[in-house]
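Chains, contacts and geometry: an overview
What follows is the residue order along each chain.
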Amino acid sequence: MFIQGGHLRAGGTLDDLARRIPGLKVDCFEDLLLALNSAGGRAGTRIPVIIDGLNEAERPSEWRALLDELAPALEHYPNVLVIVTLREALAERALPDTAIKLDLKWNRTEVNDLIAAYFDHYLIDARGAWLPTWMFRYPLFLRMYCQAANPLRKQPVGVEALPTSMVGVFELYRDAVTKRLAEDPARKPVPADQIKRRLAELARELWARGVRRLPSDDARGILDAGETNWDESLFRRLEEEGVLLRDEVNGGDDTETGILFDRFAGYLIADALLVRMTYAEVEERLAEATMWKSLLDKDGHPLGADVAISLVGLVPRRFAAHHLWRLAPKQHRSWALAQELDSEPEFLDDHTVNQLATLIVARNWRTPGPRGHRRRHPFDRLWEVRRSPAHSLNANFLDRVLRLLPLPERDRKWTEWVRHRAVDLLVDDLKQMIRCWTGSLDRVEGDHLNALAMAWLLTSTNRDVRDLATKALQRYGRPEPKRLFDLATRMLDVDDPYVVERVVSAAFGAASAHQMPDPGGPFEHALAGWLVELRDRFLAGGSSPTSHELLRSYIRATYELAGTLHPGAVPTGVDPFALTFAAVPTAPVMADDDPNAKECDSTFGMDFENYVIGSVIEGRRNYDFDHAEFRRARGEVMARVWELGWRAATLGDIDRAIAEAARRFGSTRTKVERYGKKYGWIAYYELIGRLSEAGHNRDRWVGGGRHVTPDIDPTCPDEPPVAPIQLPDWAPASPTDDEVWLRTGAVNVPAELWSPDRIYGVTDEWLLVEGFLQHRHDGRKVFGFFRTLLLEPTDVNSALELASRIEYPGNHFFPQLPMIRDVFAGEMPWSPRFKARLDADDNESYSRPALRRDWREEGIGIGQVAVELATGESGSPTELERSYDVPSFEFAARFGLRQLPGTLDLVGMDGTRASAIFRVEEPWRGQLLFLRRDLVVEYAGNRRIMQVAWGEREVTVEWDSVPPWVRAVHETYEHIWRDIRMLNEP
């Protein structure tokens with residue numbers, strides 16, 4: 001039962017409210033309670049009676065006596081629950097002491113749900129629109145916005161109909177409210193213009209008296225213009241609309257009335273002031289000292305700042321080419337100019353835009369407050385409008401501003417803003433754009449601007465933000481890499497190596513999705529232009545020499561892609577497989593007695609010195625801080641950190657705060673590095689490049705023939721889909737006896753898993769060649785490995801006998817696949833870096849696979865068709881969740897296979913699938929690799945194909961008190977299961 005609290009007239013009773021309930025004929029409130037209590041008893045539930053908006057009554061103070069009388073009576077109606085809503089300021093004076101009080105606060109999820117519900121109700125499609133999201137935590141403002149955007153709700157509206165500033169919201173809202181009230185058929189008509197004039201008169205009275213609120217009788221006298229009937233009161237109707245707020249004074253019967261939102265009050269006052277000014281006098285009137293004293297001085301009008309903010313937006317609307325900031329006194333000019341950030345684009349002239357750029361660069365802005373806080377940072381606004389082509393403060397303006405800042409100042413202002421907005425804004429925005437750009441091939445101007453803004457997120461020391469921005473850029477450019485090549489070219493002269501390195505990596509990631517031949521086509525043409533740009537910048541004789549080894553590795557990968565798959569794109573005279581980089585000057589060394597050494601040393605931690613810098617020095621022992629070459633390398637890194645601009649005075653306090661947060665929250669938060677660490681990483685990667693050029697051995701633990709482990713895979717493949725195959729129930733509930741099941745439980749590999757007839761619509765028979773499955777159920781677990789072995793015909797019988805009879809086939813009796821490390825997924829299968837090394841004398845090499853009882857035996861040699869692609873090791877949100885088995889370099893080369901864009905699957909030159917990789921879902925774990933049977937048979941040639949599955953049954957026990965029967969089963973290997981098949985083909 002819903003009752004409007006605003007219906008309570010002065011001196012009214014609960015019985016009066018009961019009689020006004022539509023559709024009911026109730027003379028007293030107690031009769032209502034009696035009827036509801038009986039209905040609740042029959043239904044077996046409590047029925048709520050909601051009295052909404054106690055503060056909207058004619059005399060809100062009268063509620064206390066009514067509720068004090070009601071509370072004890074409710075004891076006789078156990079099936080009724082009375083709920084009242086009111087503003088917090090009235091609660092102390094209106095609610096009985098026995099009432100249970102709840103303060104409604106909206107969390108972010110609830111706000112998002114509220115926005116979605118309101119936009120759905122008001123038929124608003126806000127895609128691509130600016131939204132005042134920080135204000136939507138107030139449900140009444142959300143309603144104001146929606147009523148301003150689409151008051152009639154007859155047709156859906158999109159970005160073209162939505163207001164683009166707060167002034168725009170208030171102007172449309174005022175028009176919608178006055179029109180609705182004027183056309184209310186249940187009330188005496190009051191023309192809309194008349195309502196606007198009365199609101200303006202109320203606003204001028206608030207300004208003239210220098211107050212936020214007026215006595216309610218005075219406000220009602222202005223608005224009602226002599227009307228005494230409460231039901232016909234414009235004052236009351238504006239309160240019900242949420243325009244006015246009425247509150248008691250000092251607990252008495254007197255009340256005061258003001259505009260509900262201070263910002264809206266400021267708009268009404270500003271509009272009321274300007275409407276009485278002419279073009280001839282506006283500059284003189286707005287420049288008056290008394291005006292600015294009222295607006296912004298400490299002792300000025302309580303709504304002064306709100307009025308000033310609306311004047312910023314209204315002055316150019318009402319008086320073309322005029323701007324409030326130009327009329328402001330010197331002490332307030334910067335503040336007034338900063339408010340222009342929220343102006344509508346059509347009212348921003350070039351001079352204002354130029355001055356805004358200068359202001360953002362020159363001013364020391366406060367650390368961003370919580371999102372939704374009234375005090376907003378300039379970058380909050382620039383991020384909001386970044387992708388609007390028509391807005392003069394879009395991403396092009398952001399790019400202009402950030403280029404005016406040197407690296408350390410940019411980090412102190414922009415990158416710090418990124419750090420503070422990562423969790424509550426940027427990570428979600430990046431994930432949304434990744435989804436959008438993954439699902440659509442089309443790009444519009446707003447996408448190009450969005451990508452430019454996201455490129456600047458690469459300055460971040462927040463690992464998630466930086467990696468997600470890289471993936472977003474890769475997805476932006478994947479359908480048509482030229483877009484990303486052009487953006488990357490634009491960013492190559494940025495003075496932050498964090499940005500340059502990652503845009504080049506994202507460009508390679510986008511290019512790697514184009515593995516099919518394209519001689520003379522648009523992709524090859526675009527790639528050729530990008531390679532020329534890289535040559536002219538970074539290769540021999542280039543204008544931007546660098547030794548940054550990560551950047552060099554992405555440049556090498558791009559040239560290797562071209563040299564292998566698109567040779568027509570390679571510039572004349574460049575060997576794509578043996579690049580010569582531009583010579584870099586000798587690196588300066590900061591001596592230990594340098595006056596800046598102590599300050600610079602504070603950027604290091606022991607782990608960075610010992611394990612990062614120290615690990616690349618040949619012949620150095622762990623924790624040997626006196627090693628001569630280590631001291632030199634450390635000095636080079638320190639000198640570069642200093643050259644990049646790290647200073648304790650500008651970044652030291654921020655770094656200490658980041659370190660303290662890391663200590664307090666540990667691994668529960670995303671990794672965020674100090675700025676000293678950022679500059680240290682840049683210096684370290686440049687050191688690696690110099691050492692490799694000097695012929696020092698690369699780190700033997702780095703794979704893929706690279707000199708340094710990549711910190712991201714920029715090709716960003718999608719996680720494989722869930723297997724579309726019915727998996728067997730390996731850990732069933734029966735037999736019920738665990739010992740019987742552990743010894744004899746059947747583990748079957750059905751034929752449709754070994755060899756499906758159809759995958760992805762390809763009807764050729766497929767083979768499960770590699771994989772792992774684990775099934776859990778009620779304390780039971782079964783796991784199994786799948787292997788495919790290629791055997792010489794003369795070895796088949798001995799291999800079958802050995803594989804069938806060996807008691808325990810674990811410990812790699814069936815050889816594990818070679819693991820390919822530090823190779824990008826997009827380098828599969830074409831790059832020689834993807835080729836497994838066998839019997840070579842280095843850390844990446846694997847011995848040739850064989851079946852053997854003992855490692856000292858020569859064994860039975862076997863062939864394999866796959867390798868393990870190592871992923872999921874860095875904790876990045878952009879990487880695959882786990883490693884996957886994929887077709888080997890040799891297998892793919894045999895059939896000229898290429899990667900299907902965005903996946904780990906391979907296709908032939910005709911586009912037909914050759915491989916399919918799947919993951920599985922709970923209660924299963926694991927992954928499966930299928931190859932087309934005809935390809936496996938052809939690849940095997942004269943060799944015979946053996947498919948092997950083996951694993952173990954397990955039961956959950958307390959391992960400090962293992963039952964004897966479990967030990968007995970393990971000792972006799974009765975828990976082992978295996979399934980061996982030989983294909984019929986010779």
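Residues numbered from 1 in each chain as written. Predicted model: local features only at pLDDT ≥ 70, side-chain atom pairs only at ≥ 80, totals over all residues. Heavy atoms only, no water.

The name recorded for the protein in an unreviewed UniProt entry is DUF4132 domain-containing protein, from Microbispora triticiradicis.

**Comments concerning the sheet that holds strand β19 (residues 976-982)**
Taken together, the 6 strands give an open sheet; going across it, the order is β16-β17-β7-β8-β18-β19, and neighbouring strands pair in antiparallel fashion. With one partner strand each, in any of the chains shown, β16 (915-919) and β19 form the two edges of the open sheet. Each neighbouring strand pair of the sheet contributes to a mean axis angle of 10 degrees, computed without reference to strand direction. When strand β7 (residues 766-777) meets strand β17 (residues 924-932), the two strands line up antiparallel, connected through 9 bridges. Note that in β17 the partner of Q774 across the bridge is R925. (Pairing = 2+ DSSP bridges. Helix = DSSP H or I, 4+ residues; strand = E, 2+ residues; numbered from the N terminus. Axes fitted to C-alpha atoms, helices over the stretch in contact; angles between N-to-C directions.)

**Some details on the environment of T278**
Looking at where T278 falls in the secondary structure, it is placed in the loop between α11 (262-274) and α12 (279-286). Judged by relative accessible area, which is 42%, T278 ranks as partly exposed. For the pair T278 and D467, spaced 189 residues apart in the sequence, the C-alpha separation amounts to 55 Å. (Buried < 20%, exposed > 50% of the residue type's maximum accessible area, 1.4 Å probe, protein only.)

**Side note on the nonpolar core**
Judged by nonpolar contacts, the single largest core of 201 residues is most densely connected at F119, F141, F264, W414 and L457. Residue contributions to this core peak at 12 residues, all from helix α20 (residues 407-439). By size, the runner-up hydrophobic cluster in this structure holds 34 residues, among which are V886, F895, L897 and L904. (Core = buried A, V, L, I, M, F, W, Y, C linked by side-chain atoms within 4.5 Å.)

**Concerning the side chain of N394**
If you trace the backbone, N394 turns up in the loop between α18 (378-384) and α19 (395-403). A distance of 3.0 Å separates the side chain of N394 from the backbone oxygen of S388, its partner in a polar contact. Apart from residues lying up to four places away in sequence, N394 is in contact with V385, R386, S388, P389 and L449. (Polar contact = N/O pair within 3.5 Å; in protein donor to acceptor, adjacent residues only side chain to side chain. Contact = heavy atoms within 4.5 Å.)

**Comments concerning the sheet that holds strand β12 (residues 866-869)**
Reading across from one edge, β9-β12-β13 is the order of the 3 strands in this open sheet, with mixed pairing throughout. Each having just a single partner strand, β9 (819-820) and β13 (884-887) make up the two edges of the open sheet. Alignment of β9 against β12, held across 2 bridges, turns out to be parallel. When the bridges of β12 are listed, M819 appears paired with E868.

**Some remarks on the packing of helix α8 (residues 192-209) against helix α9 (residues 216-224)**
Put simply, α8 and α9 touch, their axes get as near as 8 Å, and they point 145 degrees apart. Where α8 crosses over α9, the two elements pack in a sense that is right-handed. Across the interface between the two elements, R198, L199, E201, L202, E205 and R209 of α8 pack against D218, A219, I222, L223 and D224 of α9. Along the lines of polarity and charge, the residues of the contact of α8 with α9 split into 5 nonpolar, no polar and 6 charged. (Left-handed = near helix turned anticlockwise from the far one by under 90°. Nonpolar A, V, L, I, M, F, W, Y, C, P; charged D, E, K, R; others polar.)

**Details of unusual backbone geometry**
Both trends apply: most residues other than glycine have a negative phi, and most peptide bonds are in trans. With an omega of -5 degrees, the peptide bond running from M828 to P829 counts as cis. Mapped onto the elements, P829 comes out in the loop between β9 and β10 (850-851). Omega for the peptide link from E922 to P923 comes to 5 degrees, which places this bond in the cis form. Here P923 is to be found in the loop between β16 and β17. Phi is positive for A225, which is not a glycine, with a value near 50 degrees. Position of A225 relative to the elements: it lies in the loop between α9 and α10 (234-240).

**Some remarks on a nonpolar patch on the surface**
On the surface, I100, L102 and L104 cluster together to form a nonpolar patch covering roughly 440 Å² of accessible area. Overall, the relative accessible area of 78% leaves I100 in the exposed class. (Patch = residues over 30% accessible without salt bridge, like charges linked within 9 Å, V, L, I, M, F, W, Y side chains within 5 Å. Areas by Shrake-Rupley, 256 points an atom, 1.4 Å probe, with all protein chains shown as cover. Salt bridge = Lys/Arg side-chain N within 4 Å of Asp/Glu carboxyl O.)

**Section: helix α30 (residues 648-665)**
Relative to the 26 Å expected for 18 residues at 1.5 Å per residue, α30 spans 24 Å between its end C-alpha atoms, a close match to the ideal helical length. Residues of α30 that are buried include every one of L651, G652, I654, D655, I658 and A661, and no others. Of the surrounding elements, those touching the buried residues of α30 are α20 and α31 (675-693). (Expected span 1.5 Å × (residues − 1).)

**Notes on the packing of helix α23 (residues 481-491) against helix α25 (residues 522-538)**
Two numbers describe a pair of packed helices, the interaxial angle and the distance between the axes. Following both chains from N to C, one finds α23 and α25 inclined at 15 degrees, their axes separated by 9 Å at the closest point. It follows that α23 is roughly parallel to α25 by the angle criterion. Considering how the two elements wind past one another, α23 and α25 form a crossing that is left-handed. Taking contact as the criterion, the partners of P481, K482, F485, A488 and T489 in α23 are, on α25, F523, A526, L527, W530, E533 and R537. A breakdown of the residues in the contact of α23 with α25 according to their chemical character gives 7 nonpolar, 1 polar and 3 charged. (Parallel < 35°, antiparallel > 145°, perpendicular 65-115°, else oblique.)

**Quick look at helix α28 (residues 606-613)**
Looking at α28, one finds that the buried residues are F608, E609, N610, V612 and I613. Where the residues of α28 are buried, they touch α27 (597-601), α29 (628-644) and α31.

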